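Coordinates in review
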Amino acid sequence: MNPVKIGLLGLGTVGCGTVAVLGRNADEIARRAGRGIRVVTAAARDLSRPRACDLEDVRLTTNPVEVVDDPEVEVVVELMGGTEPARELVLRAIAAGKHVVTANKALVALHGNEIFARAHERGVMVAFEAAVAGGIPIIKALREGLAGNRIDWVAGIINGTGNFILTEMRDHGRDFADVLAEAQSLGYAEADPTFDVEGIDAAHKLCILAAIAFGIPLQFDRIHIEGISRITREDVAFASELGYRIKHLGIARRAEAGFELRVHPTLIPERRLIANVDGVMNAVLVHGDAVGPTLYYGAGAGAEATASAVVADLVDVVRALTADPENRVPHLAFQPGALSDQPILPMTEVRTSFYLRLRACDRPGVLADITRILGQHSISIEAILQREPDPERGEATIIMLTHEVREGDMQAAIAQLEALQHLTSPVTRIRMEALGR
Ligand code: NAP
Ligand code: HSE
């Protein structure tokens, strides 16, 4: 049988990784898919740039529309990144009845509702395994492997660059900027690396995971997002002394009144497997009512790790080319007409425990004032640690771990604490998750 012909948009880290994996594993892939898969044309911005893959038999162009419109191309693989012109090109491919594979989480999170609706109308597939957690087949696991469960929560380390930075800072005391530059040179970071360090990339991925886990529309603008740029080595050390690791987590949880969707640095007990996921590795913990907790681990970024997911999608698309469109796995796991309209909760209604770091003048009554304010807001302290005061600055550092509290109450308590004269700097607060049940 003739090979399926692919048009590639983008020949960067993931584009070249995909060409390399398709070439090296061509026989295995054809045995799995039932047909060969061949890249016939590809677009990049600068054709004079050296590429890390063999493009001898590939027609190259700087015009991505030519790739989409090429009559030979049956499947368009979008690996350019960004939302425009990627959105327009993907919609153009769908309108032409072509299947699409993409690794673009920003595109899926922000425009997925529109893209999937058009794809459904046109009866084509849009596959996006590589958009979440690089090489880990988490979309497949959630959409198919856990289809018998009611998903209670999902918590993941879903940005490789951020995890790489936190790990290097903790283990080697390296500077944030240095490690970020290395992540960029290794091809892990987004074109705009603030997406990685400020949590936007993780929020794109969380948005997709939540939609598939709970059967809700993609709602990126309802996610609470905090990055890792304000985490200090001191907090990492205090957390460690108390038996915790600080990880940048994306969390989606089913609560009584709606869903929590949040991305923020989080203290996790160091005995949890996920607390020990380091470097560029990602891990996603999914709790289903029937199966309990399950953990998915692997490389979250990088050329061939991501290509592994792109090629798996291609194999799925090729296998399904002849299947009746109505009987394919739905894009967001649940049938398009069966999505839930339960609300995403405002952050003030979310309940978590907290790590608090306060710096205060070393005077009698300071601790009493602090605990009185916390008590007034029904915040109960689980552990407390006070360092010997710095004699030169006359200042003490106090670390507290709290029991679970409503975020709105914690915000009010922190505002009152920061108004105290004895506090010498703003309160550092990091949320904590036990991730046990
Ligand atoms: P990249 O290295 O920057 O590659 C982007 C490619 O797209 C380049 O070849 C670029 O051409 C081409 N391109 C961009 N705009 C174009 C335009 N208007 N016309 C023609 N070509 C254009 O990016 P990447 O790291 O491979 O990431 C690609 C996608 O995969 C992104 O959506 C990213 O979020 C996602 N992703 C990346 C990773 C990873 O580890 N890197 C992992 C998972 C998902 P030039 O080379 O000529 O500039
Ligand atoms: N920049 C992303 C990361 C690439 O570091 O996780 C993988 O999605």
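The present account deals with the structure reproduced in this document.

What counts, and where the lines are drawn
- Residues numbered from 1 in each chain as written.
- Chains lettered and ligands numbered in written order.
- Predicted model: local features only at pLDDT ≥ 70, side-chain atom pairs only at ≥ 80, totals over all residues.
- Heavy atoms only, no water.
- Buried < 20%, exposed > 50% of the residue type's maximum accessible area, 1.4 Å probe, protein only.
- Helix = DSSP H or I, 4+ residues; strand = E, 2+ residues; numbered from the N terminus.
- Pairing = 2+ DSSP bridges.
- Polar contact = N/O pair within 3.5 Å; in protein donor to acceptor, adjacent residues only side chain to side chain.
- Near = heavy atom within 4 Å.
- Areas by Shrake-Rupley, 256 points an atom, 1.4 Å probe, with all protein chains shown as cover.
- Nonpolar A, V, L, I, M, F, W, Y, C, P; charged D, E, K, R; others polar.
- Core = buried A, V, L, I, M, F, W, Y, C linked by side-chain atoms within 4.5 Å.
- Domains from an automatic or database assignment.
- Contact = heavy atoms within 4.5 Å.

Looking now at the pairing of strand E9 (residues 244–254). Counting buried positions along E9 gives 10 out of 11 residues, so the element sits mostly inside the fold. Direction of pairing for strand E7 (residues 151–157) relative to E9: antiparallel, over a ladder of four bridges. Of the residues in E9, the one forming a bridge with Trp 153 is Arg 253. Here 11 bridges tie E9 to strand E10 (residues 259–269), and the two strands are oriented antiparallel to one another. Looking at E10, one finds that Ile 246 is bridged to Leu 267. The hairpin turn running from E9 into E10, its antiparallel successor, is four residues long.

Attention now moves to the side chain of Asn 163. With respect to the helices and strands, Asn 163 occurs in helix H7 (residues 160–172). You can call Asn 163 buried: its relative accessible area is 2%. One polar contact links Asn 163 to Lys 247, side chain to side chain, over a distance of 3.2 Å.

Around ligand 2 lies a shell formed by Lys 105, Asn 159, Gly 160, Thr 161, Tyr 188, Ala 189, Glu 190, Asp 196, Asp 201, Lys 205, Gly 300 and Ala 301. The separation between an oxygen atom of ligand 2 and a polar side-chain atom of Thr 161 is 2.6 Å. Calculation on ligand 2 without its partners gives an accessible area of 250 Å², and the protein chains cover 94% of this total. Elements with a minimum of two residues in the shell around ligand 2: H7 and helix H10 (200–214). Of the residues that constitute the shell around ligand 2, the class distribution is three nonpolar, four polar and five charged.

Here we come to the site of ligand 1. In the vicinity of ligand 1 there are 24 residues, among which Asp 46, Arg 51, Lys 105, Glu 190 and Gly 302 approach most closely. Taking Asp 46, its main chain carries an N or O atom lying 2.8 Å from an oxygen atom of ligand 1. Here Lys 105 contributes a side-chain N or O atom positioned 3.2 Å from an oxygen atom of ligand 1. Taken together, the residues that form the shell around ligand 1 break down as 10 nonpolar, eight polar and six charged.

If you look at the biggest cluster of nonpolar residues, it comprises 60 residues, and the most contacted ones within it are Ile 138, Ile 208 and Val 286. Per-element tally for this core: the top contributor is H10, with 11 residues. Shared between two domains, this core holds at least three residues of each, these being domain 1 (4–135 + 303–338) and domain 2 (138–298). With residues up to four places along the chain from it excluded, the contact list for Val 286 reads Ile 138, Leu 142, Leu 146, Ile 151, Trp 153, Val 154, Gly 292, Pro 293, Thr 294 and Tyr 296.

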